[in-house]
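# An overview of the molecular structure
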Amino acid sequence: KLRDKVSEIFFPDDPLHQFKNKSLQTKLILGLQYLFPIFQWLPGYGFDLFRSDLISGLTIASLAIPQGISYAKLANLPPITGLYSSFVPPIIYSVLGSSRHLGVGPVSIASLVMGAMLSGFVSPTDDPELYLKLAVTSTLFAGLFQASLGLFRMGFIIDFLSKATLIGFMAGAAIVVSLQQLKGLLGITHFTNKMEIIPVMSFVFSHKNEWSWQTILMGMIFLVFLLTARQISIKKPRLFWVSAAAPLTSVITSTLLLFCLRSRADKIPKIGQLPKGLNPPSVSLLYFHGSHVALAAKTGLITGILSLTEGIAVGRTFASLENYQVDGNKEMMAIGIMNVVGSCSSCYVTTGAFCRSAVNYNAGAKTAMSNIVMATAVLVTLLFLMPLFYYTPNVVLAAIIITAVIGLIDYKGAYKLWKVDKLDFVACLCSFLGVLFISVLAGLSLAVGISVFKVLLHITRPNIAVLGNIPDTQIFQSLERYTNAVRIPSFLILGVEAPVYFANSTYLQERILRFIREEEDRIELGRESLLKCVILDMTAVTAIDTSGIDTIYGLEKTLQKRSLQLVLVNPVGSVTEKLHKSQALDSFSSSKGLYMSVGEAILDITAAWK
């Protein structure tokens, strides 16, 4: 039983089931396909599939190139690093990843968090070499952490970031990212290192003398163009290519415009010279000796969790649309190895981005070959097209980032939380305000803390409902939710809706005794028949430990002294087994205290009274 329980915890998907009753040769082939998912689809790959992947790969390349440059600047890294990160990691993922539609590359949230955490201790302008070393080392730590989670099948750790807190965190981070783009959008030369909304806005309005009308005009034109293209694609999904091609179109148009007006538009900041060539090795940049190693490890851990959460969520979203499975643990290993290799080839943290994956899916991608096509397009750019980016204005990159992160503000999701679960909405709001007014790291910590608190709250304060009978049936439901449910004279029926553990056993005992006291007060006030029996409906009690057993035993003894009978109804198999082994049921069986249903218990006990 212990072996089965451990197997259920760490191997719920039974990953070795496909190897059962197979020949040695078949097992070797299946093992190769399991470790390298590319061999699942490559043997049957044909021209029709390649044509679809070619179109989708070139489409996401048109989005990935300008986004890669923009997100690298968001992380306070050289723009070329974003292109490096859009070349090597997609190739690695194509071999190891199990998602057919995941578009791999840098993402806004991980870039923002890395930039915020590292720049708080090391200035990217005063000491760019050390900053780059820490960024590469953080990527290595992130990859090792991600791969370890997959290897040891510990992916449930990332589930502590609930959807509610992620909605708030993403929305807050999107606003913070947009505020940081005011530097490029307004043409401000020197910008504050603060991330919070109040310091940033006060700095922006106190430096109005640095605003450049030329930069603002160009920024507004391209921002409106990008937002319009995005809205067209949202309203008409068939025109997905409009928003996909808009960033590259903006880069090309603005670069040509700035080149033609270079003598008159010298006040508009531009990217400048970018180095040509493939990713240079960065093993020598890895930083393991110094005072900032802990900072690199901490940054890697947090960016690793964030990028892993986003990548797996995106992969599963599109897998469900196409009715295929994405193995979460294999995805963790693929993303982790991708980042480990990336840290040795001048890349920073990458994962599957939602906007890039959505474009990939809408463009008709059939396999992970679309990532290889995208990487090939980036390779051509690195080898031959880098001089063309010299006159690309920073303001257009800022507009591209703002357009990309606006999609992270899910106000419909927040409204749904408010309607469905107020506690989830509070968690979402706290996470949002924490990022916006305290710091990105504090907002993330608050998000995790609230998620853990919610879990503890549900465990330590389980729900107990007073049940009544639905007339003319043998069904018993909550009196609060079913207005036609009626009480049974002389009986108090309580439904326990959670496992009974050491963490909630004391609460359950106190709450049950309080229900009994309130019921007796109600009976005395209404001059009804005396309370004689308390029935605990344990249908929803999926587990119990020794503290819970002691609570049940102690409760039975307490009620016996008050001339009240305690009855247990329908405990599940594992709970019944533990109650039998502990001999806690001995006192119940002698007084008919264990039944399969509430109706059966009431009929039998009433007959015994008569």
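The name that an unreviewed UniProt entry assigns to the protein is STAS domain-containing protein, with the source organism given as Opuntia streptacantha. What UniProt records for the protein under Subcellular location (unreviewed entry) is the sentence "Membrane".

## What about the confidence of the model for the protein?
Taken as a whole, the protein shows an average pLDDT of 88; of its residues, 99% reach a score of 70 or greater. The secondary structure element of the protein with the lowest average pLDDT is helix α25 (residues 586-590), at 61, and the one with the highest is helix α6 (residues 88-96), at 95.

## Observations concerning the layout of surface pockets
For the second largest pocket, the calculated volume is near 1000 Å³. If you go around the second largest pocket, you meet 34 residues; those closest to its centre are Lys73, Asn76, Pro124, Thr125 and Lys183. Contributions of two or more residues to the lining of the second largest pocket are made by α4 (47-74), α7 (108-119), α8 (128-151), α10 (182-186) and α18 (394-406). Its residues assigned to classes, the lining of the second largest pocket comprises 17 nonpolar, 14 polar and three charged.

## Some remarks on the packing of aromatic side chains
This model, assessed by the stated rule, comprises eleven aromatic pairs. For the pair Phe205 and Trp211, a centre-to-centre distance of 6.0 Å together with 55° between the ring planes defines the contact as tilted. Since its relative accessible area comes to 48%, Phe205 is described here as partly exposed. Judged by relative accessible area, which is 29%, Trp211 ranks as partly exposed. Among the aromatic residues, those joined into a cluster by ring pairs are Phe259, Tyr390 and Tyr391. Here the guanidinium or amino end of Arg100 rests over the ring plane of Tyr324, the centre of that ring lying 4.0 Å away.

## Focus: empty space enclosed by the protein
Under the criterion given, the structure shown has two cavities of 30 Å³ or more. Its boundaries defined by the atoms lining it, the largest cavity holds a volume of some 70 Å³. Broken down by secondary-structure element, the contributors of at least two residues to the lining of the largest cavity are α22 (505-526) and α23 (546-561). By residue class, the composition of the lining of the largest cavity is nine nonpolar, two polar and no charged. The computed volume of the second largest cavity comes to approximately 40 Å³. As for the second largest cavity, its lining consists of Val466, Leu467, Arg487, Ile488, Phe491, Leu492, Ile493 and Glu519. Elements with a minimum of two residues in the lining of the second largest cavity: β3 (464-469) and β5 (491-496). Tallying contributions element by element places β5 first for the lining of the second largest cavity, with three residues. Residues that form the lining of the second largest cavity fall into these classes: six nonpolar, no polar and two charged.

What counts and how
- Residues numbered from 1 in each chain as written.
- Predicted model: local features only at pLDDT ≥ 70, side-chain atom pairs only at ≥ 80, totals over all residues.
- Heavy atoms only, no water.
- UniProt positions renumbered as here; feature names shortened; annotations may be inferred.
- pLDDT = per-residue confidence, 0-100.
- Helix = DSSP H or I, 4+ residues; strand = E, 2+ residues; numbered from the N terminus.
- 1 Å grid on protein atoms, 1.4 Å probe; cavity = no way out; pocket = protein on both sides within 12 Å on 5 of 7 lines; lining within 4 Å.
- Points joined across faces, edges and corners; volume = space filled by probe spheres on them.
- Nonpolar A, V, L, I, M, F, W, Y, C, P; charged D, E, K, R; others polar.
- Phe/Tyr/Trp six-rings, centres within 6.5 Å; stacked < 30°, edge-to-face > 60°.
- Buried < 20%, exposed > 50% of the residue type's maximum accessible area, 1.4 Å probe, protein only.
- Lys NZ or Arg CZ within 6 Å of the ring centre and 35° of its normal.

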